[in-house]
Amino acid sequence: MQQRVKVLSCTEDGMAQVACLRQSACSGDCHKCSGCGAVEQTMVFTAHNPIGAKPGELVIVESETGPVLKAAAVLYLMPLFLFITGYLVGMQWSLGGLIGALAFALSILLVVLYDRFVMKKKNTVYTII
């Protein structure tokens, strides 16, 4: 996964502090549709700097795709899978909707716990290319 960032500062150990403008899914064109009014956020993070980029330069940062795909699977596929499984199991006892809803609620709890785990671990590695 690649994105364009601006180098804020560099350290002597080969790392750089970089900033990325995080936009909404609609590309921030809210003035065109008077839509959601989403606020743009600046994300600041540390990246390996093997090319020796200097502060103020625009560079491309690359990260591993695996953690992003794993998070997407946990966020989107697990709730859907647990809801459908709970519904089908619940159909055996005429409680499909209730058991499906409980399974979905359980999946949301698991997603929140996974998010907290990932935030503590912080295993995503960024590299300036």
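Coordinates for the structure precede this section.
Residues numbered from 1 in each chain as written. Predicted model: local features only at pLDDT ≥ 70, side-chain atom pairs only at ≥ 80, totals over all residues. Heavy atoms only, no water.

(A) Looking closely at the overall build of the chain. Scanning the chain for helices and strands turns up three helices and five strands. A burial count over the chain gives 20% of its 129 residues as buried. Restricting the contact set of the chain to residue pairs at least 6 apart, pairs at least 24 apart contribute 68%. As presented, the chain carries roughly 9200 Å² of accessible surface, and 63% of it is formed by carbon and sulfur atoms. (Helix = DSSP H or I, 4+ residues; strand = E, 2+ residues; numbered from the N terminus. Buried < 20%, exposed > 50% of the residue type's maximum accessible area, 1.4 Å probe, protein only. Contact = heavy atoms within 4.5 Å. Areas by Shrake-Rupley, 256 points an atom, 1.4 Å probe, with all protein chains shown as cover.)

(B) Looking closely at the packing of aromatic side chains. Scanning the entire structure with this criterion turns up two aromatic pairs. Measuring from ring centre to ring centre gives 4.4 Å for Phe45 and Tyr126, while their planes differ by 40°; the resulting arrangement is tilted. Of the two residues, Phe45 is situated in strand β3 (residues 41–48) and Tyr126 in strand β5 (residues 126–128); the sequence distance between them amounts to 81 residues. Tyr126 gets classed as partly exposed once you look at its relative accessible area, which sits at 22%. (Phe/Tyr/Trp six-rings, centres within 6.5 Å; stacked < 30°, edge-to-face > 60°.)

(C) Up close: the nonpolar core. In this structure, Val5, Val7, Ala16, Val18, Cys20, Phe45, Ala47, Ala53, Val59, Val61 and Ile128 together form the largest nonpolar core, which totals 11 residues. Elements with a contribution of two residues or more to this core: β1 (2–10), β2 (15–22), β3 and β4 (58–63). By residue number, the principal contributor to this core is β2, which donates three residues. With residues near it in sequence (within four places) discarded, Val7 still touches Ala16, Gln17, Val18, Ala53, Lys54, Pro55, Gly56, Glu57, Val59 and Ile128. (Core = buried A, V, L, I, M, F, W, Y, C linked by side-chain atoms within 4.5 Å.)

(D) The arrangement of the side chain of Ser107 in detail. Residue position: Ser107 is located in helix α3 (residues 96–121). Here Ser107 falls in the buried class, since its relative accessible area comes to 0%. Setting aside residues up to four positions removed in sequence, Ser107 forms contacts with Met78, Pro79 and Leu82.

(E) Here's a closer look at a nonpolar patch on the surface. Together, Leu80, Phe83, Ile84, Tyr87, Leu88, Met91, Phe104, Ile108 and Val112 line one region of the surface with nonpolar side chains, adding up to about 780 Å² of accessible area. Among the elements of the structure, α2 (66–90) and α3 are those that each provide at least two residues to the nonpolar patch. Sort the elements by how many residues they give to the nonpolar patch and α2 lands first, with five residues. Examined against the element boundaries, Ile84 turns out to sit in helix α2. Residue class for Ile84 comes out partly exposed when judged on its relative accessible area of 41%. (Patch = residues over 30% accessible without salt bridge, like charges linked within 9 Å, V, L, I, M, F, W, Y side chains within 5 Å. Salt bridge = Lys/Arg side-chain N within 4 Å of Asp/Glu carboxyl O.)

(F) The arrangement of the environment of Ala16 in detail. Relative to the helices and strands, Ala16 resides in strand β2. Taking C-alpha positions, Ala16 is 8.9 Å from Gly52, a pair spaced 36 residues apart along the chain. Sequence-distant contacts of Ala16, defined by excluding residues within four places in its chain, comprise Val7, Ser9, Cys10, Phe45, Thr46, Ala47, Asn49 and Ile128.

(G) Spatial organisation of α2. In this model α2 runs 34 Å from its N-terminal to its C-terminal C-alpha over 25 residues, within 8% of the 36 Å that 1.5 Å per residue would give. At Leu77, α2 shows its largest kink, close to 35°, and the proline Pro79 lies no more than four residues downstream. Taken together, the buried positions of α2 are Val74, Pro79, Gly86 and Gly90. (Expected span 1.5 Å × (residues − 1). Bend = angle between axes of the 7 residues up to and from the residue.)

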